[in-house]
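Here is what each chain is made of, one letter per residue.
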Amino acid sequence: RLFLYDKVLLKRIYRKEALKIGLDKSPVFKGMVKEYENSVLFDTFIKRVIVPDIRPGEEEIKGYYDKNINKYSSPEMMRISSIVFGKADAAVDALERLKKGTELKWLLSSAEGQVDKGAEGLLAFEGNVLTTNNLPQDVQKAISGAQAGDLRLYTSPEKYYYVIYIQEVFPFQPLPFEDLREEISKEIFADKLNKSIDDWAGKLRGAYE
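Considering the packing of helix α2 (residues 27-54) against helix α7 (residues 177-207)
Okay, so step 1: Between α2 and α7, the shortest axis-to-axis distance is 10 Å and the interhelical angle comes to 120°. Comparing the axis directions of α2 and α7 gives the class oblique. Note that α2 runs across α7; the crossing there is right-handed. On α7, the residues touching F42, F45, I46, V49, I50, V51 and I54 of α2 are F189, K192, L193, S196, I197 and W200.
Okay, so step 2: Partitioning the contact of α2 with α7 into residue classes produces 11 nonpolar, 1 polar and 1 charged.

So, in structure tokens, the structure goes:
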């Protein structure tokens, strides 16, 4: 209680002293008051004039979700293994052997002409699950549309010849609309609010200094 009393007392003393030295008449104080008044007016204008007209409806929110479905989806991923050669004919031969049933693991341990794992610029797939849109563009093109069990050939800019084995595919999966409705609504509202403020600012600039 004493602490609260001290705070009230100090507040009154500060105000009395400020008035005594004319702080309320200083340009800095007047500027702060004017800035505060403008802020309150601006906030009131937004709430009463702009906000009621820009709240998104259910149809608009669902339409935004459908239009930007890739944005609200988990990305496509693949589990990829590969064997890499320094010559094209060795890669083609390995591809044919894999198609006939030779195990990739056996080829990795026995096939001749493979590029050293420490080679500069070598891509390491090694059976990892990778997000496809994070891979180099030419790799994405090589594996586009692949299904689990597919084999693809890819030649890198370094002239490494990859035999790519797609072990698993995890297609992109849209997140539930119900879980995103509020987030999308806020995003649409913020975009429309900024646009509306810019429009009103343009009108005001044309009418007032």
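Some words on the sheet that holds strand β5 (residues 161-170)
Okay, so step 1: What the 4 strands build is an open sheet, ordered β3-β2-β5-β4; its pairing is antiparallel. Each edge of the sheet is formed by a strand with only one pairing partner; in this case those strands are β3 (128-131) and β4 (151-155). With strand direction ignored, the average angle separating the axes of adjacent strands in the sheet is 45°.
Okay, so step 2: Taken together, the 4 bridges between strand β2 (residues 77-85) and β3 define a ladder with antiparallel strand orientation. When the bridges of β3 are listed, M78 appears paired with L130.

Considering the side chain of T132
Okay, so step 1: Take T132: it is sitting in the loop between β3 and α6 (137-143).
Okay, so step 2: Excluding its chain neighbours within four sequence positions, the residues that come into contact with T132 are E76, M77, M78, Q140 and I143.

Digging into the packing of aromatic side chains
Okay, so step 1: Under the criterion given, the structure shown has 4 aromatic pairs.
Okay, so step 2: By the ring-pair criterion, three or more aromatic residues cluster together here, those being Y65, Y72 and F177.
Okay, so step 3: Here K62 stacks its cationic end above the ring of F177, 5.7 Å away from the centre of that ring.
Okay, so step 4: Taking the ring centre of W200 as reference, the NZ or CZ of K203 above it sits at 4.5 Å.

Brief notes about the nonpolar core
Okay, so step 1: With 16 residues, the main nonpolar core has I80, F125, L135, I143, Y162, I164 and I166 as its most contacted residues.
Okay, so step 2: With residues near it in sequence (within four places) discarded, I80 still touches F125, E126, G127, N128, L130, L135, I143, I164, Y165, I166 and Q167.

Here's the deal with helix α4 (residues 88-99)
It helps to recall that an α-helix has 3.6 residues per turn; residues three or four apart then point in one direction.
Okay, so step 1: With 12 residues, α4 should cover 16 Å at 1.5 Å per step; its first-to-last C-alpha distance of 17 Å lies within 8% of that length.
Okay, so step 2: G101 lies just past α4 and shows a positive phi near 115°.

Section: unusual backbone geometry
Glycine aside, negative phi is the norm for most residues, and most peptide bonds take the trans geometry.
Okay, so step 1: If you check the backbone angles, E126 has positive phi at about 50° while not being a glycine.
Okay, so step 2: Note on placement: E126 falls in the loop between α5 (104-110) and β3.

A look at the layout of surface pockets
In this approach the atoms are scanned with a rolling probe the size of a water molecule, which exposes any empty space left behind.
Okay, so step 1: Counted as a void, the largest pocket has a volume near 310 Å³.
Okay, so step 2: The leading source of residues in the lining of the largest pocket is β2, at 4 residues.
Okay, so step 3: Around the second largest pocket, the lining residues are N38, L41, F42, F45, I50, I197, W200, A201 and L204.
Okay, so step 4: Elements supplying a minimum of two residues to the lining of the second largest pocket: α2 and α7.
Okay, so step 5: A per-class count over the lining of the second largest pocket returns 8 nonpolar, 1 polar and no charged.

Brief notes about the pattern of salt bridges
Okay, so step 1: Within this structure, the stated rule accounts for 11 salt bridges.
Okay, so step 2: A salt bridge links K62 to D66; its shortest N-O distance comes to 3.0 Å. Placement of the pair is K62 and D66 together in helix α3 (residues 58-67), with a separation of 4 residues, close to one helical turn.
Okay, so step 3: According to the relative accessible area criterion, K62 is partly exposed, its value standing at 33%.
Okay, so step 4: Classification of D66 as partly exposed rests on a relative accessible area of 42%.

Things to note about the side chain of S73
Okay, so step 1: In this fold, S73 is placed in strand β1 (residues 73-74).
Okay, so step 2: For S73, a relative accessible area of 11% puts it in the buried group.
Okay, so step 3: Residue contacts for S73: discarding those within four places in its chain leaves F172, Q173, P174 and L175.

How each quantity is defined
- Residues numbered from 1 in each chain as written.
- Predicted model: local features only at pLDDT ≥ 70, side-chain atom pairs only at ≥ 80, totals over all residues.
- Heavy atoms only, no water.
- Axes fitted to C-alpha atoms, helices over the stretch in contact; angles between N-to-C directions.
- Helix = DSSP H or I, 4+ residues; strand = E, 2+ residues; numbered from the N terminus.
- Parallel < 35°, antiparallel > 145°, perpendicular 65-115°, else oblique.
- Left-handed = near helix turned anticlockwise from the far one by under 90°.
- Contact = heavy atoms within 4.5 Å.
- Nonpolar A, V, L, I, M, F, W, Y, C, P; charged D, E, K, R; others polar.
- Pairing = 2+ DSSP bridges.
- Phe/Tyr/Trp six-rings, centres within 6.5 Å; stacked < 30°, edge-to-face > 60°.
- Lys NZ or Arg CZ within 6 Å of the ring centre and 35° of its normal.
- Core = buried A, V, L, I, M, F, W, Y, C linked by side-chain atoms within 4.5 Å.
- Buried < 20%, exposed > 50% of the residue type's maximum accessible area, 1.4 Å probe, protein only.
- Expected span 1.5 Å × (residues − 1).
- 1 Å grid on protein atoms, 1.4 Å probe; cavity = no way out; pocket = protein on both sides within 12 Å on 5 of 7 lines; lining within 4 Å.
- Points joined across faces, edges and corners; volume = space filled by probe spheres on them.
- Salt bridge = Lys/Arg side-chain N within 4 Å of Asp/Glu carboxyl O.

Purely spatial values, then, with no claim about function.
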